[in-house]
Amino acid sequence: DRKLSKYDTIILYDVSSLQDEALQDLDTFVREGKSLLIFCSGTLDPMKFNDTLGRGGLERLPLSPALVGNDRELKEPERISLEPLHKSFGEEVTFQPGPWLAPFKDFRRAELSVIRFEKLREVRSIEKGANVLMRSEQGQPIAIEAQRDVGKVILFAFGVELSRGNIAMAKAFLPLIWRLMDYASGRLRATPPDTLVASRPSVLDASETSFRFVD
């Protein structure tokens, strides 16, 4: 669709279903090298979602890289974890947080440990070959990406409403979202560390004639 071609990224927030024409337009948009971000918040209808965004067509894959279930209210708030998990998320499904989240592994920067989720959307049946970007401490995948030709789709199993957690109030939220948009649009670049390497120590020898002390 020509109207979509001017954008790099499209965000669907709490969208349960779309018409076939819109699904086809988004599929073309992504396969041509753009990105689609899907956030599954509280009022999303999982049946409608799985029957539209979670279902492929005759000539296309599903837009969503996973099917979703009901909204879960957690007994105890859960944090984000970027640590490897000795558990399979599905056939040929990897767990690689990648460059988008790399800076947040450093506790001296705006890290993610202060973020707590009180509600998360269930994630079911992750597609073969997808990659989990983030998981909860209990092992639930909460961000899943999948390639669509030269573009990508990322599904998030959370919303940013304050009734669902404190992510929107966390210090890490803004840099997290900015890096996400750069990652989704292909503009994210790795920067060198903030270090200074001295090539050779330099010392001024005051005993030289031109630098002698005088009365």
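The rules behind each value
Residues numbered from 1 in each chain as written. Predicted model: local features only at pLDDT ≥ 70, side-chain atom pairs only at ≥ 80, totals over all residues. Heavy atoms only, no water. Helix = DSSP H or I, 4+ residues; strand = E, 2+ residues; numbered from the N terminus. Contact = heavy atoms within 4.5 Å. Core = buried A, V, L, I, M, F, W, Y, C linked by side-chain atoms within 4.5 Å. Buried < 20%, exposed > 50% of the residue type's maximum accessible area, 1.4 Å probe, protein only. Phe/Tyr/Trp six-rings, centres within 6.5 Å; stacked < 30°, edge-to-face > 60°. Lys NZ or Arg CZ within 6 Å of the ring centre and 35° of its normal.

Novice: Please clarify how unusual backbone geometry should be interpreted in this entry.
Specialist: Most peptide bonds are trans, and most residues other than glycine sit at a negative phi. Look at Glu-92: it is not a glycine, yet its phi comes out positive at around 55 degrees. Looking at the secondary structure, you find Glu-92 in the loop between β4 (80-81) and β5 (94-95). Within the chain, Ser-125 stands out as a residue other than glycine whose phi angle is a positive 50 degrees. Mapping Ser-125 onto the fold places it in strand β6 (residues 117-126).

Novice: Teacher, can you tell me more about the environment of Leu-61 here?
Specialist: When you line up the elements, Leu-61 lands in the loop between α2 (46-52) and β3 (66-78). Taking the C-alpha atoms as reference, Leu-61 lies 8.1 Å from Asp-27; in sequence the two are 34 residues apart. What Leu-61 contacts, discounting residues up to four positions off in sequence, is Asp-27, Gly-56 and Arg-148.

Novice: Got a minute to help me understand the nonpolar core in this structure?
Specialist: Considering soluble globular proteins, one finds that nonpolar side chains tend to be buried as a cluster. Core analysis: the biggest nonpolar cluster contains 56 residues, and Trp-100, Met-134 and Phe-156 have the highest contact counts within it. Tallying contributions element by element places helix α3 (residues 173-185) first for this core, with 5 residues. When near neighbours in sequence (up to four residues on either side) are disregarded, Phe-156 contacts Leu-37, Ile-38, Phe-39, Cys-40, Trp-100, Met-134, Ile-142, Ala-143 and Leu-180.

Novice: Whenever I open this one, the packing of aromatic side chains confuses me. Can you help?
Specialist: Aromatic ring pairs are described here by two measures, namely the spacing of the ring centres and the angle between the planes. Per the stated rule, a full pass over the model turns up 8 aromatic pairs. Look at Phe-39 and Phe-158: their rings are 6.1 Å apart centre to centre, the planes differ by 75 degrees, and that puts the pair in the edge-to-face class. Residue Phe-39 is located in strand β2 (residues 35-39), and its partner Phe-158 is located in the loop between β9 (151-156) and α3; the two are separated by 119 residues in the primary sequence. Phe-39 sits in the buried class, given a relative accessible area of 8%. Aromatic side chains Phe-117 and Phe-158 sit 4.9 Å apart centroid to centroid with 35 degrees between the ring planes, which places their arrangement in the tilted category. Separated by 41 residues along the polypeptide, Phe-117 in strand β6 and Phe-158 in the loop between β9 and α3 bring together distant segments of the chain. Comparing Phe-117 with Phe-158, the two get one shared label, buried. Here the aromatic residues Tyr-13, Phe-39, Trp-100, Phe-117, Phe-156, Phe-158 and Tyr-183 are joined through ring pairs into a cluster of three or more. The residue whose ring lies beneath Lys-152 is Tyr-183, and the NZ or CZ to ring-centre distance is 4.6 Å.

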